[in-house]
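# Observations on the three-dimensional arrangement
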Amino acid sequence: MRYDQARWTHDADAESDDDRYEPLLAEKNTEEVAVDSPLPDDLTREDLELPALSEPQLARHYTRLSQMNYGVDSGPYPLGSCTMKYNPKFTEDVAALGDAAVHHDRSDESLQGTLGLMAGLQDYLARIGGMDAVSLQPPAGAAGEFTGILVAKAFHEQNGEGEQRDEIIVPDSAHGTNFASAALAGYDVVELPSGEDGRVDLEALEAAAGDRTALFMLTNPNTLGLFERDIEEIADIVHDAGGLLYYDGANLNALLGRARPGDMGFDIMHYNVHKTFATPHGGGGPGAGPVGVTDELAEFLPAPRVREREASGDDARYERFEPEHTIGKVHGFEGNWLVLVKTYAYIARLGDEGLDDASAKAVLNANYLASQIDYDVPFEPFHHEFVASAGDQDAADVAKRMLDYGVHPPTTKWPEIVSEALMTEPTEIESKETLDQLADAFDAVAGEDDETLEAAPERTTARRIDQTDAARNLRLSWQAIDEE
Ligand SMILES: Cc1ncc(COP(=O)(O)O)c(C=O)c1O
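The structure presented is a predicted model; accordingly, all values stated were derived computationally and were not measured.

## Remarks on the overall build of the chain
Looking only at helices and strands, one finds 15 helices and 14 strands in the chain. Relative to a compact globule of 484 residues, whose C-alpha radius of gyration would be 23 Å, the chain shows 25 Å and is just as compact. Reported as C-alpha extents along the three principal axes, the dimensions of the chain are approximately 70 × 65 × 45 Å. The burial tally for the chain puts 49% of its 484 residues in the buried class. When the accessible surface of the chain is summed, it comes to about 22,700 Å², and 47% of that surface belongs to carbon and sulfur atoms. Put simply, the chain has 37 plus and 94 minus side-chain charges, and the middle of one group is 5 Å from the middle of the other.

## Some thoughts on the nonpolar core
Ranked by internal contacts, the top residues of the largest apolar core, which has 50 residues, are Leu205, Phe216, Tyr271 and Phe277. Among the elements of the structure, α3 (112-129), β6 (213-218), α7 (231-240), β7 (244-248) and α10 (337-372) are those that each provide at least two residues to this core. Per element, the largest residue contribution to this core is 9 residues, and it comes from α3. Other than its neighbours up to four places away in sequence, Tyr271 contacts Leu125, Ala126, Gly129, Met131, Val134, Leu252, Phe277, Ala288, Gly289, Pro290, Val291 and Gly292. If you look at the next biggest cluster of nonpolar residues, it comprises 24 residues, including Ala133, Ile149, Phe155 and Val170.

## Digging into the packing of helix α11 (residues 395-404) against helix α12 (residues 432-446)
Helix-helix packing is described using two parameters, namely the angle between the two axes and the distance between the axes. Packing of α11 against α12 brings their axes to within 9 Å, and their N-to-C directions diverge by 125°. Between α11 and α12, the crossing angle belongs to the class labelled oblique. At the point where α11 passes α12, the crossing takes the right-handed sense. Contact residues: α11 offers Val398, Arg401 and Met402, while α12 offers Leu438, Ala441, Phe442 and Val445. Of the residues in the contact of α11 with α12, the class split is 6 nonpolar, no polar and 1 charged.

## Quick word on the site of the ligand
Close to the ligand lie 13 residues; Ser81, Gly141, Ala142, Asp248 and Lys275 are nearest. The contact in question runs from an oxygen atom of the ligand to an N or O atom on the backbone of Ala142, over 2.8 Å. Here a nitrogen atom of the ligand and a side-chain polar atom of Asp248 are 2.5 Å apart. Look at the ligand: alone it shows 390 Å² of surface, and the protein chains cover 88% of it. In terms of residues, the shell around the ligand owes the most to one element, helix α4 (residues 141-158), which gives 3 residues. For the shell around the ligand, the class distribution of residues is 4 nonpolar, 6 polar and 3 charged.

## Remarks on the packing of α4 against helix α5 (residues 176-184)
In contact at an axis separation of 9 Å, α4 and α5 are set at 40° when each is read in the N-to-C sense. Between α4 and α5, the interaxial angle falls into the category oblique. In the packing of α4 onto α5, the handedness of the crossing is right-handed. For the pair α4 and α5, the contacting residues are Ala142, Glu145, Phe146 and Ile149 in the first and Thr177, Asn178, Ser181, Ala182 and Leu184 in the second.

## A short note on the confidence of the model for the chain
With 94% of its residues at a pLDDT of 70 or more, the chain has an overall mean of 91. Every residue in residues 1-14 is under pLDDT 50, and counting partners more than four places away or in other chains gives 30 contacts.

## Points about the packing of aromatic side chains
A full pass over the atoms with the stated rule returns 5 aromatic pairs. Plain terms: the ring middles of Tyr70 and Tyr77 are 5.8 Å apart, the flat faces sit at 55° to each other, and that makes the pair tilted. It is Arg307 that lies over the ring of Phe321; its NZ or CZ is 4.1 Å from the centre. It is Arg349 that lies over the ring of Phe90; its NZ or CZ is 4.0 Å from the centre.

## A closer look at the environment of Phe300
Tracing the sequence through the fold places Phe300 in the loop between β9 (291-293) and β10 (305-308). Look at Phe300 and you get buried, because its relative accessible area is 2%. If we ignore the near neighbours within four places in the chain, the residues touching Phe300 are Val151, Ala154, Phe155, Gln158, His325, Thr326 and Ile327.

## What to know about the sheet that holds strand β5 (residues 188-192)
Reading across from one edge, β3-β9-β8-β7-β6-β4-β5 is the order of the 7 strands in this open sheet, with mixed pairing throughout. Single-partner strands in this sheet number two, and they are β3 (133-135) and β5. Averaged over all neighbouring strand pairs, the angle between strand axes comes to 20°, with direction disregarded.

## Concerning α11
Each full turn of the α-helix corresponds to 3.6 residues, which orients residues three or four apart in the same direction. For α11, the buried fraction is high: 8 of the 10 residues fall into the buried class. Looking only at α11, the buried set comprises Ala395, Asp397, Val398, Ala399, Lys400, Arg401, Met402 and Asp404. Check the buried side of α11 and you find it contacts β13 (411-412), β14 (421-424), α12, α13 (450-455) and α14 (467-472). Just downstream of α11 lies Gly406, where phi reads positive at about 80°.

## Focus on the pairing of strand β11 (residues 318-321)
Residues Tyr318 and Arg320 point to one face of β11 and Glu319 and Phe321 to the other, with burial holding for every one of them. When β10 meets β11, the two strands line up antiparallel, connected through 4 bridges. Each bridged residue has a counterpart across the sheet, and for Glu308 the counterpart in β11 is Tyr318.

## As for the side chain of Thr424
Structurally, the position occupied by Thr424 is in strand β14. Of note is the side chain of Thr424, whose polar atom sits 3.1 Å from the backbone oxygen of Leu422. Setting aside residues no more than four positions away along its own chain, Thr424 makes contact with Pro78, Gly80, Leu369, His384, Glu385, Phe386, Pro410 and Phe442.

Cut-offs and rules
- Residues numbered from 1 in each chain as written.
- Predicted model: local features only at pLDDT ≥ 70, side-chain atom pairs only at ≥ 80, totals over all residues.
- Heavy atoms only, no water.
- Helix = DSSP H or I, 4+ residues; strand = E, 2+ residues; numbered from the N terminus.
- Rg over C-alpha atoms; globule rule 2.2 N^0.38 Å.
- Buried < 20%, exposed > 50% of the residue type's maximum accessible area, 1.4 Å probe, protein only.
- Areas by Shrake-Rupley, 256 points an atom, 1.4 Å probe, with all protein chains shown as cover.
- Lys, Arg positive; Asp, Glu negative; His and termini not counted.
- Charge placed at Lys NZ, Arg CZ, Asp CG, Glu CD.
- Core = buried A, V, L, I, M, F, W, Y, C linked by side-chain atoms within 4.5 Å.
- Contact = heavy atoms within 4.5 Å.
- Axes fitted to C-alpha atoms, helices over the stretch in contact; angles between N-to-C directions.
- Parallel < 35°, antiparallel > 145°, perpendicular 65-115°, else oblique.
- Left-handed = near helix turned anticlockwise from the far one by under 90°.
- Nonpolar A, V, L, I, M, F, W, Y, C, P; charged D, E, K, R; others polar.
- Near = heavy atom within 4 Å.
- Polar contact = N/O pair within 3.5 Å; in protein donor to acceptor, adjacent residues only side chain to side chain.
- pLDDT = per-residue confidence, 0-100.
- Phe/Tyr/Trp six-rings, centres within 6.5 Å; stacked < 30°, edge-to-face > 60°.
- Lys NZ or Arg CZ within 6 Å of the ring centre and 35° of its normal.
- Pairing = 2+ DSSP bridges.

Have a look at this one:
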């Protein structure tokens, strides 16, 4: 096997896809190692083939792998709705401090630093969202949605309307997880068509809301980046029908320090801390999606929450407690603790002014980028993200081709209200130079023919893969080797 440049750089001259392949450690030099284990014989092997490699071989292997990938540390990542912010490294330092590693099975008295941080974060998030109480437990935005829906369900059940309120209204522009979370919680999902201006159609909402409405889920600005300026009327319609209003916090980055969902009339919200507060994206794994609610819903939040003891004469100021009618636990312990530490560190470092500045720049960057590209942006005025239309081109091909220009593409084909949608969110972290680089990539692709687009990407480690098959029939490299 060759280990030359073409195998791992983005080299367009590499002869085939295989030329960009980095072997697994197990495919490199291995040696048999005798196993000496105290475990029962039927649970162990007599010997084991392990890679026998020097440190530089190992370091280069992982460096090559990291270079085959693309992330926020490598370049711009304007994946609309996902808010791919750079994760500042100081938050890693904070998370690596000794106290962050304590086990949560210990007593409250011996966990005062940990519990104090949690109480502080609950408070930060409540103030940022305009909510009265926060649970830090859910491990992702979608898990936050599901948790929020269960809280709404518990509320309606307590009012004797649990069975009657069996519908959740979701706008057609909403993220797929809104529909999925509602269905998973056992609700009938009522899809609300957007009005001609891309916002909630008040008449359609009035017609949809009624005795069966448990919840209306909405993000603001919506996924077109448009602020729902009728939000107070929307809240009235939903509340008059006896339903609750849920805020999908994915777009909170646009509002930080300027407006609060609680003040707009939302009753429940989740915070995608990886989007808004620059903590790593979870990928379904170690993320965090805290949930905030108004006072009347606080008693249903997942347990445990943390509070300050009323009159503590000793040093133990903080304690965990179970809300009176809690829906139970939605994750182990207090949630994904280290992600929460990073969230706290990020908010504390930026402070009021920093958060305010972040949202201002997020909106400015999106508007600057949109003004520089050749593609049409049908819905305006947008905030932190915009949805351009690829017109006669196929948005998925546009995205693949942008990879050849060294940038990550936008989200494609969603929301469906825009044909061949290119949903673009540069975030506040990008400089003018990077935004210009992105605009150049958009414009280069806008001028290319279908044949070129369909052949893209040519310069990436992996070429066109069958994304659906890859997601549904996961076949890991080591399985392939085993089969061989
Ligand atoms: C608008 C919107 N809502 C909800 C989610 C779900 O969040 P998570 O990925 O944290 O589960 C996303 C994720 O991209 C989103 O963009």
